[in-house]
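Structure assessment
Each chain is listed here by its residues.
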Amino acid sequence: MFFRQLPTKDATLSYLFGCGSCHVAVAIDPVLGDEDWFIEEARKQDVRITHVIDTHIHADHYSGGRPLAERSGGTYCLHEANLGNVQFGFEPLADKQRIEVGNVAIDVLHTPGHTPDSVCLLVTDKRRGDQPWFVLTGDTLFVGAVGRPDLAGREVEMAGQLWDSLHGKLLDLPDETEIYAGHVAGSVCGAGISGKPGSTLGFEKRWNPLLSLSRDAFIEALTQEIPPRPAEMDRMVEVNLGLKPAPSVTA
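The model shown is predicted, which means the values in this text are computed figures rather than measured ones.

The rules behind these values
Residues numbered from 1 in each chain as written. Predicted model: local features only at pLDDT ≥ 70, side-chain atom pairs only at ≥ 80, totals over all residues. Heavy atoms only, no water. Helix = DSSP H or I, 4+ residues; strand = E, 2+ residues; numbered from the N terminus. Rg over C-alpha atoms; globule rule 2.2 N^0.38 Å. Buried < 20%, exposed > 50% of the residue type's maximum accessible area, 1.4 Å probe, protein only. Contact = heavy atoms within 4.5 Å. Lys, Arg positive; Asp, Glu negative; His and termini not counted. Charge placed at Lys NZ, Arg CZ, Asp CG, Glu CD. UniProt positions renumbered as here; feature names shortened; annotations may be inferred. Polar contact = N/O pair within 3.5 Å; in protein donor to acceptor, adjacent residues only side chain to side chain. Pairing = 2+ DSSP bridges. Axes fitted to C-alpha atoms, helices over the stretch in contact; angles between N-to-C directions. Arc of directions from axis to C-beta. Salt bridge = Lys/Arg side-chain N within 4 Å of Asp/Glu carboxyl O.

Take the overall build of the chain next. Along its length, the chain carries six helices and 14 strands. For the chain, the C-alpha radius of gyration of 17 Å lies close to 18 Å, the compact-globule estimate for 251 residues. The buried share among the 251 residues of the chain stands at 54%. Within the chain, counting contacts between residues at least 6 apart in sequence, those at least 24 apart form 62% of the total. Side-chain charges in the chain split into 22 positive and 35 negative, and the spacing between the mean points of these groups amounts to 4 Å.

Here, UniProt's "domain: Metallo-beta-lactamase" (unreviewed entry) annotation points to residues 11-183. Strand forms 34% of residues 11-183 and helix 20%; the C-alpha atoms that close the span are 6 Å apart.

The next point concerns the side chain of His56. For His56, the position within the fold is in the loop between strand 4 (48-53) and helix 2 (65-72). We classify His56 as buried; its relative accessible area is 2%. Engagement of the side chain of His56 in a polar contact is seen with the side chain of Asp139, the distance being 3.2 Å. Not counting residues within four places of it along the chain, the set of residues in contact with His56 comprises Leu78, His114, Thr115, Asp117, Ser118 and Asp139.

Position of Phe218 among the secondary structure elements: in helix 5 (residues 215-224). The exposure class assigned to Phe218 is buried, which follows from its relative accessible area of 0%. Sequence separation between Phe218 and Asn85 is 133 residues, and the spatial gap between their C-alpha atoms is 29 Å. When neighbours within four sequence positions are excluded, Phe218 is seen to be in contact with Val146, Ala159, Leu162, Trp163, Leu166, Leu210 and Leu213.

In spatial order, the strands read 7-8-9-10-13-14; together these six strands make up an open sheet with mixed pairing. With partners counted over all chains shown, the strands left at the sheet margins are strand 7 (98-101) and strand 14 (199-200), one partner each. Bridge analysis of strand 8 (residues 104-110) against strand 9 (residues 119-125) gives seven bridges, and the strand direction is antiparallel. Each residue of the ladder has a partner; that of Ala105, found in strand 9, is Thr124. Together, strand 8, strand 9 and strand 10 (134-138) form the strand contacts of helix 3 (residues 155-170), whose direction differs from that of strand 8 by roughly 145 degrees.

All of the buried residues in helix 1 (residues 35-45) are Glu35, Phe38, Glu41 and Ala42. With its buried residues spanning 130 degrees around the axis, helix 1 presents them on a single face. Relative to its buried face, helix 1 has exposed residues pointing more than 90 degrees away, namely Arg43 and Lys44. Of the surrounding elements, those touching the buried residues of helix 1 are strand 1 (2-8), strand 2 (12-19), strand 3 (24-28), strand 4 and helix 2. The positive-phi residue at the C-terminal boundary of helix 1 is Asp46, with phi of around 55 degrees.

For the rest of this paragraph, the subject is the pattern of salt bridges. Per the counting criterion, the structure on display carries 13 salt bridges. A salt bridge links Arg71 to Asp36, with the shortest nitrogen-to-oxygen separation between them at 2.8 Å. Of the two residues, Arg71 is situated in helix 2 and Asp36 in helix 1; the sequence distance between them amounts to 35 residues. With a closest N to O distance of 3.6 Å, Arg229 and Asp234 form a salt bridge.

Within the open sheet, the six strands sit side by side as 1-2-3-4-5-6. Their pairing is mixed. The strands lining the two open edges of the sheet, one partner per strand, are strand 1 and strand 6 (91-93). Strand-to-strand twist of the sheet, defined as the mean angle between neighbouring strand axes without regard to direction, takes the value 25 degrees. With five bridges joining them, strand 2 and strand 3 adopt antiparallel strand pairing. Residue Leu16 lies in a different strand from strand 3, and its bridge partner there is Ala27. The sheet contacts of helix 2 involve strand 3, strand 4 and strand 5 (75-79), and relative to strand 4 the element is tilted by about 160 degrees.

Another aspect to go through is unusual backbone geometry. One non-glycine residue, Ala11, adopts positive backbone phi at about 60 degrees. Topologically, Ala11 is positioned in the loop between strand 1 and strand 2. Residue classification places Ala11 among the buried residues on the basis of a relative accessible area of 17%. Even without being a glycine, His23 presents a positive backbone phi close to 65 degrees. Secondary-structure assignment places His23 in the loop between strand 2 and strand 3.

What follows is the structure, encoded as structure tokens:
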């Protein structure tokens, strides 16, 4: 299995990983304008990008998911909560669905809270063993923080959903499970995010202060620390939903 992490503009992290022996790969959360990097990395690894997945409809950057899927021939995927919301075709993902990419297995975990459609992706390298190796947490769980709950305009409700997602889907995974999130420090998608681009669930359960709170205390803490809304958020969401054309990007 190979694994590549791309730090991009706006403190966003994108990913490309897959099975080199079977020549297939998956791209996660590409940013508009970074498509060439994915195409070139896939060429270097001699793999074909079969799936391009956005962990949710992003509000802080323009997604490169659809352009990359078109260029690579991969299937563009979003959680099925977006059926009826977006103005383009995509492959709907369901909770507990498994995607097989050669010797790599990706289990979809629906984790609403940051947004209603947020997913985490639990990844297993079947050549190493049956236990998941790492989880891509999108904007649900960061190193040192969690996702902001206000983007849908229902922060108390969404904060409660985020607590449920964390405790019902992620925190029971083995402590040694590695986590790779959608952002590092500098992002407006959460408060107190670390600059470190990865962690483990065990470390986060011990040192991430929000993960030890009761549900009520979590909701109170999270709704009192909401960062400023992302610049151009409304336009970015409209573009990522397909309601408006994407801006031109110069290399």
